[in-house]
Amino acid sequence: GNIGLFQCTKSKILMTVDNKPHVELEPLMHYSNSNMNYNDETNSTGRANSTLVESLISNTSVERPNKTKTQRNVVIALAVSLISGLVSGTLYGFGRYSRDLKDTLMLTQYQIERFGILLDTGNYIGHPITGLVYDRLGPRISCLSAAVIVFCAYGMIQLGVIRHITAHWIFDTSFFFVGLGSGLGYIAALGSTTKNFQSSRHFSLAIGIVASGYGLSSTIVGLSYHAVGLNHFFLLWAVLVAVGNLLGSCYLVVPNQEGEEISEEEGIGQEEANNSLQNNAGEEVLSADNEPEEIHSVKWNDWREKDFWLLFLAFAACSGCGLFIINNISTMVQSNQGSDSFAAKLVVLLSLSNFSGRLLMGFLADLPRVSKMVMLASTALVMAAALFLSAMAQPDSASVCLIITVALIAAAYGGTWVLVVGILSDFFGNHNFGKNYGLIAMGPALSGMLFNTFSAWTYEKYTPIDSEVCLGKNCYYMSFLLTGSAAILSCMVSSLLECSRRQSSVLGNT
């Protein structure tokens, strides 16, 4: 009779209401015991039990499709995040068109380097602003803002190229806002993925997938530049970036927002189930709906910790090396007297290596007993070896060494961007992800500005007075040494931070 009915119902609840055992289970146990004691004494008890079962089953039937709907939305959000990454990484293609832009606008090497520096600066120094916007306004407003900003900025650059505008401040401002808008779209994609997969064992792989799209962007930039040329290139990417971010504004979701929608749809069914339990058991059922408010009220104090700034230094030192290579590929090939087609192939190699490094690091970081800090130190060591290789290369082997350097640097550089997301999540959680990531991402802007400014200065120093092109080993020799030393510093700081965290963990356990 009733005992069998309630055993079946109990099994159904345990199977379907995963994370809320205290909401339905305890009253159900109470009624099971009650029926075991009184068995089938009154018809009113049977009617009450029947009402309870119908209510719980009704609640269960609503929950299953919504869970499936949530999973489907997460998959769609991941796919759209990948698209957002693809259209947000156009700054990596700067080295592909920088030489032609320099010749078209009759710029000096320092001036074209300044455009690249401002592009990186808008992207990385703008991250504290974009992180704050994302944390406060969410992915939809962030993507809409990114679409408008980048479309207008690329449009101004295209106008300046067509009309040969000599007011360089227009290009300076436009490249800065291209970087800023691209960073805003990317942090929306990355933040949405981080929150959707925060409790998944494939967290780092999901981040790697989105980040790989960002890294693959330079390949698409190179192919599109080869197809349309400088006269239509910036207009094409103004449209592509706008479309990609508009998709993000429509489909990027985070669990809190989706949970609110589901709770509104299920609100009536849940309320009836809870009322039945309260009336029959005489106990108050507590709701977990207020938990998100506690999460949002977490104060941002992570930046006050020593480990945060050690991570900042380690990440800045190694990622700046990557930006040095990315922004100077064309002129490095030119200084080795290589052809423009060789430079285009190197940009594709850089993009594919960047893409592969992000995916590989995302896979490795999810493996058990793998320390992300040790992996960060290892990538910095790979960078140092690659940079010193090109510094010591002889003229007859300079091109081969440059190929090896670009492949290793791009793979290691891409991997660091996946690792730093996982490290931030492990060290400080995801409650203030936008602000933490935004502040950390300022590191590459500062180091990239330092390394690229230094490389422009040494390039100009060894350029003959009667020429605008520097040829030979000396053009980038000192820059390779500087960035290689910075990569060694990153390896040392990462190792120090790993030892410090392990020591703190041991002392905490004792």
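Scoring rules and cut-offs
- Residues numbered from 1 in each chain as written.
- Predicted model: local features only at pLDDT ≥ 70, side-chain atom pairs only at ≥ 80, totals over all residues.
- Heavy atoms only, no water.
- pLDDT = per-residue confidence, 0-100.
- Contact = heavy atoms within 4.5 Å.
- Helix = DSSP H or I, 4+ residues; strand = E, 2+ residues; numbered from the N terminus.
- Buried < 20%, exposed > 50% of the residue type's maximum accessible area, 1.4 Å probe, protein only.
- Core = buried A, V, L, I, M, F, W, Y, C linked by side-chain atoms within 4.5 Å.
- Salt bridge = Lys/Arg side-chain N within 4 Å of Asp/Glu carboxyl O.
- Phe/Tyr/Trp six-rings, centres within 6.5 Å; stacked < 30°, edge-to-face > 60°.
- Lys NZ or Arg CZ within 6 Å of the ring centre and 35° of its normal.
- Patch = residues over 30% accessible without salt bridge, like charges linked within 9 Å, V, L, I, M, F, W, Y side chains within 5 Å.
- Areas by Shrake-Rupley, 256 points an atom, 1.4 Å probe, with all protein chains shown as cover.
- Disulfide = S-S within 2.5 Å.
- Expected span 1.5 Å × (residues − 1).

So, the confidence of the model for the protein
Step number 1: For the protein, the average pLDDT comes to 78, and 77% of its residues sit at 70 or higher.
Step number 2: Low pLDDT, under 50, characterises residues 55-65; the stretch is placed with 22 contacts to residues that sit more than four places away or in other chains.

Quick look at the environment of Ala343
Step number 1: Position of Ala343 among the secondary structure elements: in helix H13 (residues 340-365).
Step number 2: On the accessibility criterion, Ala343 (2% relative accessible area) is buried.
Step number 3: Linking Ala343 and Arg96, residues 247 residues apart in sequence, is a C-alpha distance of 7.2 Å.
Step number 4: Leaving out residues up to four positions away in the same chain, Ala343 has contacts with Ile329, Ser330 and Val333.

Some points on the nonpolar core
Step number 1: Tyr97, Ile325 and Tyr437 are the most contacted members of the largest nonpolar core, which has 113 residues in total.
Step number 2: Apart from residues lying up to four places away in sequence, Ile325 is in contact with Met332, Leu350, Leu387, Thr405, Val406, Ile409 and Phe480.

Details of the pattern of salt bridges
Step number 1: Going through the model one piece at a time under the given rule, you end up with 6 salt bridges.
Step number 2: For Asp172, the salt bridge is made with Arg114, and the minimal N-O distance between the two is 3.2 Å. Taken together, the residues span a long stretch of sequence, with Asp172 in helix H7 (residues 168-196) and Arg114 in helix H5 (residues 109-124) at a distance of 58 residues.
Step number 3: The exposure class assigned to Asp172 is buried, which follows from its relative accessible area of 16%.
Step number 4: With relative accessibility at 24%, the residue Arg114 sits in the partly exposed group.
Step number 5: For Asp135, the salt bridge identified is with Lys435, shortest N-O distance 3.2 Å. In this pair, Asp135 is assigned in helix H6 (residues 127-163) and Lys435 in helix H16 (residues 433-440), connecting sequence segments 300 residues apart.
Step number 6: Look at Lys435 and you get buried, because its relative accessible area is 16%.

Structural notes on the packing of aromatic side chains
Step number 1: Counted by the stated rule, this structure contains 24 aromatic pairs.
Step number 2: On the numbers, 5.4 Å between centres and 75 degrees between planes, the contact of Phe94 with Tyr97 is edge-to-face. Here Tyr97 and Phe94 lie together in helix H4 (residues 94-105), a separation of 3 residues that amounts to about one turn.
Step number 3: Residue Phe94 is classed as buried on the basis of its relative accessible area of 2%.
Step number 4: Through a chain of ring-to-ring contacts, the aromatic side chains of Phe94, Tyr97, Phe115, Tyr154, Phe171, Phe175, Tyr225, Phe233 and Phe234 assemble into a single cluster.
Step number 5: Directly above the aromatic system of Phe427 lies the positively charged group of Arg501, at a separation of 3.7 Å from the ring centroid.

Details of a nonpolar patch on the surface
Step number 1: A surface patch of nonpolar side chains, about 630 Å² in accessible area, is lined by Ile76, Ile83, Phe151, Leu235, Val239, Val243, Leu247 and Tyr251.
Step number 2: Of all the elements in the fold, those that place two or more residues in the nonpolar patch are helix H3 (43-88) and helix H9 (230-251).
Step number 3: Ranked by the residues each element gives to the nonpolar patch, the list is headed by H9, at 5 residues.

Side note on the state of the cysteines
Step number 1: Summed over the entire model, instances satisfying the criterion amount to 1 disulfide.
Step number 2: Each sulfur in the disulfide pair Cys470 and Cys475 lies 2.0 Å from the other. Every disulfide takes its handedness from the sign of the S-S torsion; for Cys470 and Cys475 that torsion is -100 degrees, giving left-handed.
Step number 3: The thiol of Cys143 is unpaired, and the distance to the nearest cysteine sulfur, on Cys250, comes to 9.2 Å.

Comments concerning unusual backbone geometry
Step number 1: You will see that Met106, though not glycine, has its phi angle at about 55 degrees, which is positive.
Step number 2: Within the chain, Gln337 stands out as a residue other than glycine whose phi angle is a positive 60 degrees.

Some thoughts on H4
Residues spaced three or four apart along an α-helix point in a common direction, a consequence of the helix completing one turn every 3.6 residues.
Step number 1: Helix length check: H4 (12 residues) gives 15 Å between terminal C-alpha atoms against 16 Å at 1.5 Å per residue, within 8%.
Step number 2: A large share of H4 lies buried, amounting to 9 of its 12 residues.
Step number 3: Where H4 is concerned, the buried positions are Phe94, Gly95, Arg96, Tyr97, Ser98, Arg99, Leu101, Lys102 and Leu105.
Step number 4: Of the residues flanking the end of H4, it is Met106, one or two places downstream, whose phi is positive at about 55 degrees.

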